[in-house]
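Architecture and fold: a report
Listed here are the chains, written in short residue letters.
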Amino acid sequence: MSLNSKVPEGPLAEKWSRHKFNMKLVNPANKRKYDVIVVGTGLAGASAAASLGELGYNVKAFCFQDSPRRAHSIAAQGGINAAKNYQNDGDSVYRLFYDTVKGGDYRAREANVHRLAEVSVNIIDQCVAQGVPFAREYGGLLANRSFGGSQVSRTFYARGQTGQQLLLGAYSALNRQIANGKIKMYNRTELLDVVIVDGKARGIVVRDLITGKIESHGAHAVLLCTGGYGNVFYLSTNAKGSNVTAAWRAHKKGAYFGNPCFTQIHPTCIPVSGDHQSKLTLMSESLRNDGRVWVPKVAVKGLKASDAANIKEEDRDYFLERRYPSFGNLVPRDVASRNAKYVCDEGRGVGATGLAVFLDFADAIKRDGKAVIEAKYGNLFDMYMQITGDNPYEVPMMIYPAVHYTMGGLWVDYNLMTTVPGLYALGEANFSDHGANRLGASALMQGLADGYFVIPYTIGDYLAGMPYEKVSTDSPEFKEAEKGVQERMDKLLSIKGAKAVDEFHRELGHIMWEYCGMSRNEAGLKKAKGKIQELRAEFWKNVNVLGSSNELNMELEKAGRVADFLELGELMVDDALNRGESCGGHFREESATADGEAQRKDDEFAYASAWEYKGDNQAEQLHKEELKFENVKLTQRSYK
């Protein structure tokens, strides 16, 4: 299958408006004849389901949490970008577009990014109308702050709870349509397969996580809004339930996987404290507006936060401010993360492990007063204090990079459709908008853009050509999918080995972090591929999953997800091996500038990779979507 991005013709700024006019429409009276499945009810899923229900479609929404309010979108802290230019500091739709393309190291599709910048201005109005309590200036206007990779203030926020507040807004819209009877909600239900009928996605097979019952649901189209796959690393800032299973099931049914090696390492996380941890905690990037990142100029072994005041100003290295004077502490995440790693590799890291740097608010508190800092970041400071026992008002925070977001995901065209007709991917589940590195505060923007302002138009273009007839879940395709799901669970339960699921997950995470983490090289990636293959073979011989499939069984849930991570991990390594350049979050040690920055190879790698599944234990086939840059100039990215 050849890739067709379906990017409209015409000037960049007119592509989306022209495309909306040229797409086919579904008559309002006919919308009620179509069924749409939405899997995942975070920002992308809840906004999509609510919008489609409002339009009149019949929607079935599924989430594995006990409530959509528990979606991982709720964990986002710092803000959401929009090109409103309320600060009158030179922002515009084009500048947001440019910053995003540049921040992604020129590995994103221009048309998608410009559309994202265009609709960003509408998202804020939508959310304000829903009652989202954005921070406001004294005069009542919405407040903005800066995030990494930008020299303007375009990030709207609700203290450090922006994701939660936006999700509650989308959740209220979702509930309205549930009450109207346009959405049927299925909580505690997990997708285990996608069903293809006559070459089109026509439904899903799910498991009720409470009873274990396997059920099929049919529809005219299926939307996957299931987030990213950062938990392949075991330790990440993702919720423990976050997984790749829905996307991976779709991948095995024909949906190409785009740029799997593009994972984001967030620089502002609470450092690892020991083997007891099952996840890591993010501290919002917004803290870098006022916090200064530093380490001692000369190594001080085991330096504690309480001892930081003893280090004189002239003996401190504010390394981001020194290396990147134009952006300082607000360089993009990949740049900040790599530089934190560099100083720690030099032996100048702080804390008991030496794998941490200071994020210091002393100057900001002295300049603005404690009350001002507390109003901006109070809940974040409280969270840090409860986890570490240190008071950030009195001593610096200690931070270190950790896996946070995945820019890769299912390959989609301009309409957000995968390579399987009728199967869409929204938000972090797709690969489309962030290239090799996502700028901070753009995840919430993309999720809501896809759900509120893109899919309501593009899905109509597809459904307008679909017959009204519903597909029967008694058809052979559904029964075959149900059988496959049951057989896979039975196989996992029958192994009765000696190692718990978490042991395999932790080992996989260690391999991924060591060899496919913040920096990668050919020898390490080849070693990782062999290790993952060995681990996967052992998993299917020696995993121990207790209980049965017809009951609440969280070990069985985890086993299925880890089995998928073991396959995804190998594809991520293959993708990283194939991309012999450094770009954004993908840093190949063989491709670096003299001063340690990422060195792209535009003549060889100016494409998005799209991998096609060819069968179990078969090498996947690489397809390339050539990226054309007609509106920005490909230059070596610099934040100095």
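Our structure's up above, just so we're on the same page.
These numbers come from a predicted model, not from an experiment. (Residues numbered from 1 in each chain as written. Predicted model: local features only at pLDDT ≥ 70, side-chain atom pairs only at ≥ 80, totals over all residues. Heavy atoms only, no water.)

**Details of the state of the cysteines**
Taken as a whole and judged by the stated rule, the model has zero disulfides. Looking at Cys 63, it has no disulfide partner, and the nearest cysteine sulfur is the one in Cys 225, 12 Å off. There is no disulfide at Cys 127, and the cysteine sulfur nearest it, in Cys 225, is 16 Å away. Residue class for Cys 127 comes out buried when judged on its relative accessible area of 1%. (Disulfide = S-S within 2.5 Å. Buried < 20%, exposed > 50% of the residue type's maximum accessible area, 1.4 Å probe, protein only.)

**Quick word on the sheet that holds strand S7 (residues 200–208)**
Ordered in space as S6-S7-S8, the three strands form an open sheet in which the pairing is antiparallel. Because the sheet does not close on itself, it has two edges, and the strands there are strand S6 (189–197) and strand S8 (214–218). On average, each strand axis in the sheet is inclined to that of its neighbour by 25°, with strand direction left out of account. Strand contacts of helix H13 (residues 476–495): S6, S7 and S8, with the helix running at about 140° to S6, the strand carrying the most contacts. (Pairing = 2+ DSSP bridges. Helix = DSSP H or I, 4+ residues; strand = E, 2+ residues; numbered from the N terminus. Axes fitted to C-alpha atoms, helices over the stretch in contact; angles between N-to-C directions. Contact = heavy atoms within 4.5 Å.)

**Let's talk about a nonpolar patch on the surface**
Residues Ile 210, Leu 552 and Met 554 make up a contiguous nonpolar surface patch of about 310 Å² in total accessible area. Residue placement: Ile 210 occurs in the loop between S7 and S8. (Patch = residues over 30% accessible without salt bridge, like charges linked within 9 Å, V, L, I, M, F, W, Y side chains within 5 Å. Areas by Shrake-Rupley, 256 points an atom, 1.4 Å probe, with all protein chains shown as cover. Salt bridge = Lys/Arg side-chain N within 4 Å of Asp/Glu carboxyl O.)

**A look at the sheet that holds strand S18 (residues 607–612)**
Spatial ordering of the open sheet is given by S16-S10-S18-S19, a layout of four strands whose pairing is antiparallel. Where the open sheet ends on each side, the last strands, each with one partner, are strand S16 (409–410) and strand S19 (621–626). As judged from the two bridges shared by strand S10 (residues 257–258) and S16, these two strands associate in the antiparallel manner. By the bridge assignment, Gly 258 is partnered in S16 with Gly 409. This element, helix H16 (residues 554–578), spans S10, S18 and S19 of the sheet and lies at about 145° to S18.

**A closer look at the pattern of salt bridges**
Throughout the structure, instances matching the rule amount to 52 salt bridges. Between Arg 292 and Asp 363 there is a salt bridge, and its shortest N-O distance comes to 2.6 Å. Linking Arg 292 in strand S12 (residues 292–296) with Asp 363 in helix H10 (residues 362–368), this pair joins segments that are 71 residues apart in sequence. On the basis of relative accessible area, Asp 363 is assigned to the partly exposed category, the value being 34%. Three or more residues are tied together by salt bridges with common partners; here these are Asp 105, Arg 107, Asp 334, Arg 338, Arg 579, Glu 581, Arg 600, Asp 602 and Arg 637.

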